Structure formats: structure tokens, C-alpha cells
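Chains, contacts and geometry: an overview
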Amino acid sequence: MQYWLMKSEPDEFSIDDLARAQRSGSAWFGVRNYQARNFMRDQMQIGDQILFYHSSCPEPGIAGLAEVSAEAYPDDTQFDPKSKYYDVKATRADPRWFNVDVRFIRKTRLLGLPELRKHKALAGMRLLARGNRLSITPVDPGEWKYITTKLLK
DNA sequence: GCCAACGTTGGC
DNA sequence: GCCAACGTTGGC
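1. What about the protein's contact with DNA strand B?
- What surrounds DNA strand B is the set Lys7, Tyr53, Ser55, Ser56, Pro60, Leu113 and Arg133.
- Each atom of DNA strand B within 4 Å of the protein was classed as base or backbone; sugar and phosphate made up 71%.
- Here tyrosine 53 contributes a side-chain N or O atom positioned 2.7 Å from a phosphate oxygen of DNA strand B.
- Between DNA strand B and the protein, one listed contact pairs a base oxygen with a side-chain N or O atom of arginine 133 at 2.4 Å.
- Of the residues in the surface near DNA strand B, the class split is 3 nonpolar, 2 polar and 2 charged.

2. What about the environment of proline 114?
- The residue proline 114 is located in helix H3 (residues 113-118) in this model.
- On the accessibility criterion, proline 114 (60% relative accessible area) is exposed.
- Expressed as a C-alpha distance, the spacing of proline 114 and glutamate 59, which sit 55 residues apart in the sequence, is 9.9 Å.

3. With respect to unusual backbone geometry
- Although it is not a glycine, serine 56 adopts a positive phi angle of roughly 50 degrees.
- Secondary-structure assignment places serine 56 in the loop between strand E3 (49-54) and strand E4 (61-74).
- A relative accessible area of 57% means that serine 56 is categorised as exposed.

4. Section: the sheet that holds E4
- The mixed open sheet is built from 6 strands, whose spatial order is E2-E5-E4-E3-E1-E6. Two strands close off the open sheet at either side, each with one partner strand: strand E2 (26-27) and strand E6 (136-139).
- As judged from the 2 bridges shared by E2 and strand E5 (residues 98-112), these two strands associate in the antiparallel manner. Of the residues in E5, the one forming a bridge with alanine 27 is aspartate 101.
- Helix H2 (residues 34-43) contacts strand E1 (3-8), E4, E5 and E6 of the sheet and is inclined by roughly 110 degrees relative to E5.
- Against the sheet, helix H4 (residues 141-151) touches E1, E3, E4, E5 and E6, its axis set at about 70 degrees to E3.

5. Focus on the protein's contact with DNA strand C
- Close contacts around DNA strand C come from Tyr34, Gln35, Arg130, Gly131 and Arg133, and that covers them all.
- A share of 71% of the atoms of DNA strand C within 4 Å of the protein falls on sugar and phosphate groups.
- At 2.5 Å, a side-chain N or O of arginine 133 approaches a base oxygen of DNA strand C.
- Considering only residue class, the surface near DNA strand C consists of 1 nonpolar, 2 polar and 2 charged.

What counts and what doesn't
- Position numbers for residues start from 1 in each chain and track the written sequence from start to end.
- Each chain gets a letter, beginning with A, and each ligand a number, beginning with 1, in the order they are written.
- The predicted nature of this model means local features are confined to residues of pLDDT at least 70 and side-chain atom pairs, given and counted, to a pLDDT of 80 or more, with totals for whole chains, interfaces and linings taken over all residues.
- Excluding hydrogens and water, the side-chain values take into account all heavy atoms of the structure.
- To be near a molecule or strand, a residue needs just one of its heavy atoms within 4 Å of it.
- For the purposes of these results, a polar contact is taken to be a pair of N or O atoms within 3.5 Å, where, inside protein, one atom must be able to donate a hydrogen and its partner to accept one; residues adjacent in sequence count only when each atom of the pair is a side-chain atom.
- Residues are grouped as follows: Ala, Val, Leu, Ile, Met, Phe, Trp, Tyr, Cys and Pro are nonpolar; Asp, Glu, Lys and Arg are charged; every other residue, Gly included, is polar.
- To qualify as a helix, a DSSP run of H or I must reach at least 4 residues; to qualify as a strand, a run of E must reach at least 2; elements of each kind are numbered from the N terminus.
- Only protein chains enter the area calculation, which uses a 1.4 Å probe; residues under 20% of their type maximum are buried, those over 50% are exposed, and those in between are partly exposed.
- Note on pairing: DSSP must find at least two bridges between two strands before they are called paired.
- Contacts are assigned to residue pairs that have any heavy atoms within 4.5 Å of one another.
- Angular values range over 0 to 180 degrees, each being the angle between N-to-C directions of two axes fitted as lines to C-alpha atoms, with helices fitted over their stretch in contact.

Below, the structure is given as C-alpha cells:
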């Protein structure tokens, strides 16, 4: 079992949207970065735990907890010419993009970036690294424990 | 294979 | 809106 941090713009898809979604989970579609795709396709397993992060918004930070509810399968939006995630080079026979399904666990208080940066135990988080833009990053078990038991109790 | 140009992310 | 950082593209 692994831990992850997944970013979403709340204007696009927030923790509240996830909470309202069907119990089986929501497709994490739209990832168009190879590293993030590979994490989903090659490493994520059902039951993996997720820090749900709100990005590109007035208060960026961790907003809730979620879990992987389906392993990776081809991202439907890559085949849809009307989607902004359409990819001309992707075919059903040879899909380029994949997504997992993610299921709501609970909302948390907003654990903002400035607060995260205050904790030495979290200094190694990929999220906090300079210039990090990856929308999906692995989280250390120790970091997960620190965040969920100490900060989000 | 190099690398400049361009596009995107995302905090501020 | 600005801009730093990074990824992708495409000419050579």
C-alpha cells in the first residue's frame, strides 16, 4: 500500500465534488504528464491512500483524504475530440493516457502550504520542493502519518 | 542528440 | 498578472 498526493484545481474538481460523486469513485481524468501517468498506470493499487490537494486557488493546501478505488484504465477524454484533453495521437488500440478512480474518504481542515512548510518532518515532501509542478507525487509513510495523525487529527 | 523556443503549472 | 521552473516540440 502506498501513499500519494494528488492535486486538483477546486474550480475544476474540488474535495466537495469528490464527496458528492458516486460511492464507487470518480475517474481522475485529464492527467497529461508522463511521470504522473506512470504513477497511476504502474504503481497505484486499490486502497492506496491519497492526500487531496487544492491547487491554483486562493488557499492552496490539503483539503481532504481519498483512496484509490479502481486501478488504471485508459482515460476516456483522450478519445473525445470535444474534450480539452483530446489527444490526436491516442487511439483505442494504443491509448496514451490512463487514469485511476478515486473515492472520497473525508474532508479535512484546509492544511495550507505555509503551514506544511513549517514542519521539519515534511521538509522532504516533493510538493514542497522548489519548482515542483507534478500533479501526482508519492508521499512517504512517515509523512503520511505525521500529517494525518499530528496535523489533521 | 542538442538545444532554443514555446507552452504549462502554480504560488504569489 | 507576473514569473520561475519545468516539460515538450521540432529544426538542425
